[in-house]
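An overview of the molecular structure
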Amino acid sequence: MFEKILIANRGEIALRVARACRELGVRTVAVYSVADRDSAVVRLADEAVCIGPPEARQSYRNAAAIVEAARRTGAQAVHPGYGFLSEDADFAEICADNGLVFIGPSPEVMLALGDKARARALMREAGLPLPPGSLATVETAARARDVADEIGYPVIIKCAAGGGGRGMTVVWSADEFGPAYERTRIAAQAVFGDDRVYLERYLVQARHVEVQVLCDGYGNGVHLGTRDCSVQRRHQKLVEEGPAPALSANTLDALAGSALAGALRAGYTGAGTFEFLVDEAERFSFIEVNCRIQVEHPVTEMISGVDLVHEQLHIAAGVPLRLRQEDVRISGVAVECRVNVEDPDRGFAPTPGRLSRFVPPSGPFTRVDTHGYPGYLVGPYYDSLLAKVVVWAPERDLALGRMERALHEFDVEGPGVRTTIPFLRRVLDDAGFRKGRYSTGLVDRLLGGAEPPPDPVRAGSAVPEASAAAAVPAAAAVPAAPAVARSALPTTANHPRRSR
Ligand code: MV4
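Residue indices begin from 1 for each chain and proceed along its sequence in written order. Reporting in this predicted model follows two pLDDT cut-offs: at least 70 for local features of residues, and 80 or more for side-chain atom pairs to be given and counted; totals over whole chains, interfaces and linings ignore these cut-offs and use all residues. Remark: hydrogens and water are excluded; side-chain values derive from all non-hydrogen atoms of the structure.

**A closer look at the overall build of the protein**
- In terms of helices and strands, the protein carries 19 helices and 22 strands.
- The buried label applies to any residue whose accessible area, calculated with a 1.4 Å probe on protein chains only, is under 20% of its type's maximum; exposed applies above 50%, and partly exposed to all values in between. Looking at the protein residue by residue over its 500 residues, the buried ones come to 58%.
- Expressed as a percentage of contacts within the protein between residues at least 6 apart in sequence, the contacts between residues at least 24 apart total 67%. We count a stretch as a helix when DSSP gives it H or I for four or more residues in a row; a strand needs E for two or more, and each element gets its number in order from the N terminus. Contacts are assigned to residue pairs that have any heavy atoms within 4.5 Å of one another.

**Digging into the site of the ligand**
- It suffices for a single heavy atom of a residue to lie within 4 Å of a molecule or strand for the residue to be listed as near it. Taken together, 18 residues lie around the ligand, and Lys158, Glu200, Arg201, Leu203 and Glu275 are the ones closest in.
- Nitrogen and oxygen atoms within 3.5 Å of one another constitute a polar contact, given that in protein one can donate a hydrogen and the other can accept it, and given that sequence-neighbouring residues count only through two side-chain atoms. The separation between a nitrogen atom of the ligand and a polar side-chain atom of Glu275 is 2.7 Å.
- With respect to the ligand, the side chain of Glu288 contributes an N or O atom lying 3.0 Å from a nitrogen atom.
- Here the open area of atoms and residues is found with the Shrake-Rupley method and a 1.4 Å probe, where only the protein chains shown may cover a residue. Taking 530 Å² as the accessible area of the ligand by itself, protein coverage stands at 94%.
- Looking at the shell around the ligand, the elements with two or more residues in it are strand S6 (155-163), strand S8 (197-201), strand S12 (270-278) and strand S13 (284-290).

**A few points about the pairing of strand S7 (residues 166-171)**
- S7 sits mainly inside the fold: 5 of its 6 residues count as buried.
- At least two bridges found by DSSP between two strands is the condition for calling them paired. Relative to S7, S6 runs antiparallel, the two being bridged by 5 bridges. What sits directly across from Ile156, in S7, is Val170.
- In this structure, the hairpin formed by S6 and S7 is closed by a connection of 2 residues, where Gly164 is found at a positive phi of approximately 60 degrees.

**Notes on the packing of helix H1 (residues 11-23) against helix H11 (residues 308-316)**
- In contact at an axis separation of 9 Å, H1 and H11 are set at 65 degrees when each is read in the N-to-C sense. In this view, H1 runs roughly perpendicular relative to H11, as classed from their interaxial angle. Crossing handedness for the pair H1 and H11: right-handed. Here H1 contributes Arg16, Val17, Ala20, Cys21 and Glu23 to the contact with H11, which in turn contributes Leu308, Val309, His310 and Leu313.
- Residue composition of the contact of H1 with H11, grouped by class: 6 nonpolar, 1 polar and 2 charged. Axis angles are defined between N-to-C directions and span 0 to 180 degrees, where every axis is a line fitted to C-alpha atoms and, for a helix, only to the segment in contact. Note that the term roughly parallel is reserved for angles under 35 degrees, roughly antiparallel for angles over 145, roughly perpendicular for angles of 65 to 115, and oblique for everything else. Put simply, a crossing is left-handed when the front helix is turned counterclockwise from the back one by less than a right angle, and right-handed when it is turned clockwise. Under the scheme applied here, ten amino acids are nonpolar (Ala, Val, Leu, Ile, Met, Phe, Trp, Tyr, Cys and Pro), four are charged (Asp, Glu, Lys and Arg), and all others, including Gly, are polar.

**So, the sheet that holds S13**
- Here 8 strands make up an open sheet; going across it, the order is S13-S12-S9-S10-S11-S14-S21-S19 and the pairing antiparallel. The open sheet terminates on both sides in strands that have one partner only, identified here as S13 and strand S19 (366-370). Taken pair by pair, the neighbouring strands of this sheet meet at an average axis angle of 25 degrees, ignoring direction.
- H1 contacts S19 and strand S21 (385-393) of the sheet and is inclined by roughly 115 degrees relative to S19.
- With respect to the sheet, helix H6 (residues 116-125) is in contact with S12 and S13, its orientation differing from that of S13 by roughly 130 degrees.

**Some words on the nonpolar core**
- The biggest cluster of nonpolar side chains holds 55 residues, and the ones touching the most others in it are Leu6, Phe91, Leu113, Phe274, Phe276 and Phe286.
- Broken down by element, the residue count for this core peaks at 7 residues, all from helix H9 (residues 249-266).
- Setting aside anything within four residues of it in sequence, one finds Leu113 in contact with Ala119, Leu122, Met123, Ala266, Tyr268, Val289 and Cys291.
- Of all hydrophobic cores here, the second largest spans 38 residues; its members include Ala387, Ala399, Ala406 and Phe410. We call a set of buried Ala, Val, Leu, Ile, Met, Phe, Trp, Tyr and Cys residues a nonpolar core when their side-chain atoms join them within 4.5 Å.

**Considerations on the packing of H6 against H9**
- In contact at an axis separation of 9 Å, H6 and H9 are set at 110 degrees when each is read in the N-to-C sense. Taken together, the axes of H6 and H9 are roughly perpendicular relative to one another. Facing H6, whose interface residues are Leu122, Met123 and Glu125, H9 presents Gly262, Arg265 and Ala266.
- Looking at side-chain class alone, the contact of H6 with H9 contains 3 nonpolar, 1 polar and 2 charged residues.

Next up, the structure:
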């Protein structure tokens, strides 16, 4: 095992990694930006190095500053967490060139799977079912139109360099195709510096189900079951649960098995996630791979009893996987709610501010991953995730009841500060959600939309999340909370105690 690693991240995931390291006797180096001077991980880690100003480009995305901090402190490996440099193949290579172990898959695998069109081709070879579509990127409008006619409308144009919902355009009919194709390529070039696109049949009202895998460097791998991540708003997940509800054991096994087959075929190492879409008939198709630990990994930890960060560290240190598939027992149901410092009544706009009160839930089978504390100043620089509330119970109904109890306990206050807690409670209250019968249309329905899939203009705004809303013409944007829906809502304060 490593003696010392550097944590190239911030917020709750930096704490999560620091905790795993202490449990394994690994010393930690936290890196932090000027804005994160007072962050919890700076205190919890064995050492802390300031790597730059608040802007992520100059700190958490600054490979040179991070490698320099590792050199100065003698760290042997780098844990990238999620976001920032976590899926950057160049960064993984820079680490290797500097004698640092990057805790994740090899640069080659990250490059192959990070190209979503290449990943699609590779997974087809591995025998995974895919949505109908092009076998590679499509280089001309004429050729693309032929492919679209062949697979049938609606189609979705996706950027090879995209992923996570960034840079996608849904096209409903042939007459819209040409302009949509050109627009998507131009946006892709601007955002990713890579204008290659591929096509898929757009699967309406699908469930977004993913599979957690763990693979070592010796050809061993296991899957750790499924998570349903259909409760999303603009590709930001709000609620996740595992195993995916309302699917037969056969479907769940087939999904998980094909993900593992795909991972082994790709030469994947470490913790990874295979994303699928699942339709009402339980047919599933592969869409993409995430080469990192994910925000929602605690869901899997709670149903499998496996500490995924421990496993990441062992795999990166060259220890053969200590787990065989027959050792993995998925038990019960876990649910995660993301508590963001945002105002659901104002289009989920971030509401930074100082926390005058911060009392997270506790109690049986209740886990809270957070970097918050009373007096913590939530800044405007990074994503607004403050806490993940995760509960486990032997059955889904009990888990949902436990989550309602946990959210009821959560007390977050501060001048101007709002949280997603009231909206999360609405999701938990929804009849479709309760039954486990929901798809990616759920959030739009709750927000007053008619379960619209992304309209072409919105989906086509292939720009990073923060600026996505601004780039969309007002008339085309689906408002997060249309006037009608907003007035239909009780005017809830961010805190449950006030809304009762
Ligand atoms: C799709 C899709 C339907 N059909 N691909 C979004 C995230 C990224 N990983 C892939 N995503 C999707 N790909 C095909 N062929 C639906 C989604 C999707 C989605 C789309 C619009 C609004 C919300 C969504 C939530 C999850 C998945």
